[in-house]
Amino acid sequence: MAALTDSAPDMAGGAQPGPEPACVLEALELLLGPPGDGDSAAEPGKEPALCPETLRRNAAALEERLSRAAGWAALRQLRAAVLCRAPALAAGAASAEPGWAAACGLLALLLCLKERLAALAATPAAPAAPGAPPPPGADTLSVGQERAVRRALRAAVGLGLLPHLPPGLGPGPALGPPPGSRGARLFAAVAALVELARLPALGAPLLARHLRLLLCGLCALGHGPAALCQGVSDAERAQCREALGDILDRVYQPLAVQELLVLQGQPKQRCPGAAPGWLRRLCGHLLSERLLRPSGVQAVVRGVLEATDGGAGAEAAALDWRKCDAVGKILAACPQQCLSLEDYYRQVCPQILDLLHVQDKVAARQFQRVASTTVLSMAREQPQLAERHLLQPLLAPLRRCSEAAELALEDLTAGAMLVPEAELGSCVEDVLKVYVVGNDSSSLLLGSLQPVLGVVFSLYSFARQNVSYLRSPCQDILLWFLEKAEREQALAVLEGLAGLSSHVPTLHPQCQLRVGSEGGAAVVVQETISDEDEALYQKISLEQCHVESLVELLSHCQKSGLAGDFFIHCLKELTQVAAEDEEAPNPAVEPGGSLLELEQDQARQGRKLLVLQLVAALCQGVSDTVFTDIVQVQQFLAAVLQRACAHPARGPGAAAEAQTLAMAMGLVAAVLGGAVQLKSSDFAVLKRLVPLLEELSRTYPEPLTQELASDLRIAILTHGACSPGTLGTAAQGLLGREPGPAARSPAGSAPSPSAHGDSSTGQSRGRGPGASPAPRANSPAPGGLQELLVSACDPQPPGRAAALRRLASLVTQRDPEAIRLQEKLLQVFLENVQHEDAFVYLSAIQGVALLSSEYPERILPVLLAQYERPAQGKEDTMAAVTRMKLGEVLMRVTRALGP
């Protein structure tokens, strides 16, 4: 029938006027009878309640009116033209079966209404009066007329379509149609309904209420077995297949997905019958077609997730993770009709990533879950394709500004935008949703994330210095990786973030982070800095900021033991640095040293400075809470003590060697002083250190180290019952602040069942019987402060650095004697800023910064004068280094003072 493909010519748009829509609707009411007589009869899925006698009587009344009533001639002519184009409807209207005859009569009248409304819609609208709203269109129906149309459509579907659906697609009437007529009648009804659906005024109520039954008819006629389509030609079946696609394209796509799922038998409680196999396969094919269309992924997801009631039902659906996971697994499976997996991933993966950006709050949670499940499923099933089409595009903004990226910077001007704020923020949030919320620690996901962790860390460090919402998500991403990765991999990443290795590419050296207007950050091409001092100052400031950020990050990793592992890893690195210094000659002193050797020595010195800076920051930030693994602490201490016994500190590496040994012994002193709740089994592990401590107490050339080694040996053997005073001093030197409560209590011994010693009043073995105990940290006597000032000039760097850090602690505590002697303290700190040992001058820098931020009015003028004329009388190189150190002090002070 041509009705499926071609609209009939307008019979009323020419010279002959057509009937008014009200006349057609009156004819429909006459055929159906007064509203209420059978209004409930024609609901889909139910038998018409209009009895055959009523239908015959109404049809006869309609024919009488059409043949005799004045003003109905136009309708009679239009109906004749419609029936002429639809001979099946004409034959059905004259049928002896009242139900089918009434259905054909209804469909013919509805087609007449469609013709008249289409003609009226083409009529130019009258202009609106000035100040008045535009008049309604000529084809607009009133509320009562729309109600009559819905009633007529229900009756037409219930009488003409529903009884002729094949078994499994509809209940069918008690007495089926005559043999061989089901297919022809079904095609006639479907053809008329499809033509009605093309006009919005009739198509909207038809598709809103009867879409499923119309799809059933089109599926049966276009794709069903031949036995279901007797009397239907191949051309007509092809028309039905074309109309099926047209109807599916016309409706709201999530609704189309919902109806196809019902036909397929997914929600079994709503399926009208057991769906036959051919229909299930067809619906699967049609669903795949919906999926592969533009925006098809979102249509499929919405179609599945929106099949709930509103209000509380929608909220409950948002929490129905099982449904979301099921949808994700469906999306991860490639449809059979797709040419290849590669093509499927290329079409679908960008749409899956778009699901992460849905704005609606309730839907966003569902779509985020679906997207995460799909990404994780694809990563497990097809890792290479998932990485190429999902993970790399997801991480692209971060990879674009990575050190590993090949940037054509010669084509970009300084300040050019490389990654806009919105794109960078969206990328970080997407990574958080997929990796952290998805929480799948597969090797593929961890491996894909590792190359961008350096950029994420730069963002985190940048956000710490500025007010930015990126700080929290960046921190969560970094902590998630460090928690999920293997310990060796996590330590390698931390080493890369600290700048000690190239395991993690960092932010590209010619990229710069800039504060965004929406609270985020953007990546721009860095401007060239011509001033070498300014460039060096910015470099050092950035390194300092990264170190502080790394320490803060590790403060959240203490329960897992990662912070302690990395702390000990850095201490081991100190030993390695000392060994390298001892073995490598100084090219600046050696005659004939090459430029390459000089560069290598500078790299070693830079690495040494960075390691010392890290250790100092870790000592101050997390050292007193990371001792979670006594066995690991013992292994590290054994390595350091063995080296100290075999190679006492001497030569170029003596300073770093002595610092490593001092920190190692301070570490065990802190453990024994109460940093860890020790058990008997822990002392059994620590006793492995006793032979090494005994040898160190006899052979090491430095008396104070001999004394501390002997005291540590005694404390271990007595399980802390005898805890000499040198232990508290050593622990305090390591921590850079007051000892823990157990170490400074009047009865403060190691928390062991056998610990009964007095650490605060115990006499040092190196002192005479009448010597006074070490001064208390809470309120040092003037003599104690003078002793610290003397120790700040100690020739041994470890003792000097410990004294400087203790003096800085007194400034923080606003000790009265320290306030009175603040100018003397400033002089001591400034003298030590020029010290060549990194641990000493870093401690001095911290002291000057604390003193200046506490008393800026007095200290800052002196500091600024020193900065303008640093190290007078010294050579240019040393003056530049001192100026750089003072610049670091000023930077810390201005940051602490704020605006």
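Up top is the structure.
Residues numbered from 1 in each chain as written. Predicted model: local features only at pLDDT ≥ 70, side-chain atom pairs only at ≥ 80, totals over all residues. Heavy atoms only, no water.

(A) Region of interest: the overall build of the protein chain. A count of helices and strands for the protein chain gives 39 helices and three strands. Out of the 899 residues in the protein chain, the part that is buried amounts to 51%. Long-range contacts, defined as pairs at least 24 residues apart, comprise 73% of the intrachain contacts of the protein chain with a sequence gap of at least 6. When the accessible surface of the protein chain is summed, it comes to about 40100 Å², and 54% of that surface belongs to carbon and sulfur atoms. (Helix = DSSP H or I, 4+ residues; strand = E, 2+ residues; numbered from the N terminus. Buried < 20%, exposed > 50% of the residue type's maximum accessible area, 1.4 Å probe, protein only. Contact = heavy atoms within 4.5 Å. Areas by Shrake-Rupley, 256 points an atom, 1.4 Å probe, with all protein chains shown as cover.)

(B) Fine view of the environment of leucine 897. Looking at the secondary structure, you find leucine 897 in helix α39 (residues 876-897). Sequence separation between leucine 897 and glutamate 854 is 43 residues, and the spatial gap between their C-alpha atoms is 9.1 Å. Leaving out residues up to four positions away in the same chain, leucine 897 has contacts with Ser853, Pro856 and Leu860.

(C) Representation of the sheet that holds strand β2 (residues 511-515). Ordered by their spatial adjacency, three strands build an open sheet running β1-β3-β2, and the pairing between neighbours is antiparallel. Edge positions in the sheet fall to β1 (417-419) and β2, since each of these pairs with one other strand and no more. Within the sheet, the average angular offset between the axes of one strand and its neighbour, ignoring direction, is 45°. Here β2 runs beside strand β3 (residues 521-525); their pairing, made up of five bridges, is antiparallel. (Pairing = 2+ DSSP bridges. Axes fitted to C-alpha atoms, helices over the stretch in contact; angles between N-to-C directions.)

(D) Quick peek at the environment of phenylalanine 566. Note on placement: phenylalanine 566 falls in helix α24 (residues 562-583). Between the alpha carbons of phenylalanine 566 and alanine 492 there is a distance of 9.4 Å; along the sequence they are 74 residues apart. In contact with phenylalanine 566, not counting residues within four places along its chain, are Leu491, Leu494, Glu495, Ala498, Leu550, Leu554, Leu614 and Leu618.

(E) Representation of the pairing of β3 within the structure. When you tally the buried positions in β3, you get five out of five residues, the bulk of the element. Alternating residues of β3 divide into Ala521, Val523 and Val525 and Ala522 and Val524, and every residue in both groups is buried. In terms of strand pairing, β1 meets β3 through two bridges, oriented antiparallel. Directly across from valine 419, in β3, lies its bridge partner valine 523. Hairpin geometry of β2 and β3 is characterised by an intervening segment of five residues between the two adjacent antiparallel strands and by a positive phi of about 90° at glycine 519.

(F) Highlighting the packing of helix α37 (residues 838-854) against helix α38 (residues 856-868). Two numbers describe how α37 lies on α38: the axes approach to 6 Å, and their chain directions differ by 130°. The orientation of α37 relative to α38 falls into the category oblique. Where α37 approaches α38, its residues Val848, Leu851, Ser852, Ser853 and Glu854 are matched on the opposing element by Pro856, Ile859, Leu860 and Leu863. (Parallel < 35°, antiparallel > 145°, perpendicular 65-115°, else oblique.)

(G) Representation of the nonpolar core within the structure. Core analysis: the largest hydrophobic core is formed by 260 residues, its most contacted members being Met378, Tyr435, Leu449 and Phe566. In terms of residues, this core owes the most to one element, helix α5 (residues 98-121), which gives 13 residues. When residues no more than four places from it in sequence are discounted, the contact partners of methionine 378 are Leu331, Ala332, Tyr344, Tyr345, Val348, Cys349, Ile352, Pro383, Ala386 and Leu390. (Core = buried A, V, L, I, M, F, W, Y, C linked by side-chain atoms within 4.5 Å.)

(H) The arrangement of the packing of aromatic side chains in detail. Under the counting rule described, the total for this entry stands at three aromatic pairs. Judged by centre distance (6.1 Å) and plane angle (75°), the rings of tyrosine 435 and tryptophan 480 are edge-to-face. Of this pair, tyrosine 435 sits in helix α18 (residues 421-437) while tryptophan 480 sits in helix α21 (residues 471-484), placing them 45 residues apart in sequence. Both residues of the pair, tyrosine 435 and tryptophan 480, belong to the buried class. Taking the centre distance of 6.4 Å and the plane angle of 40° together, the rings of phenylalanine 457 and tyrosine 460 count as tilted. Of this pair, phenylalanine 457 and tyrosine 460 both sit in helix α20 (residues 453-465), three residues apart, roughly one helical turn. Exposure remark for phenylalanine 457: the relative accessible area of 2% places this residue in the buried category. (Phe/Tyr/Trp six-rings, centres within 6.5 Å; stacked < 30°, edge-to-face > 60°.)

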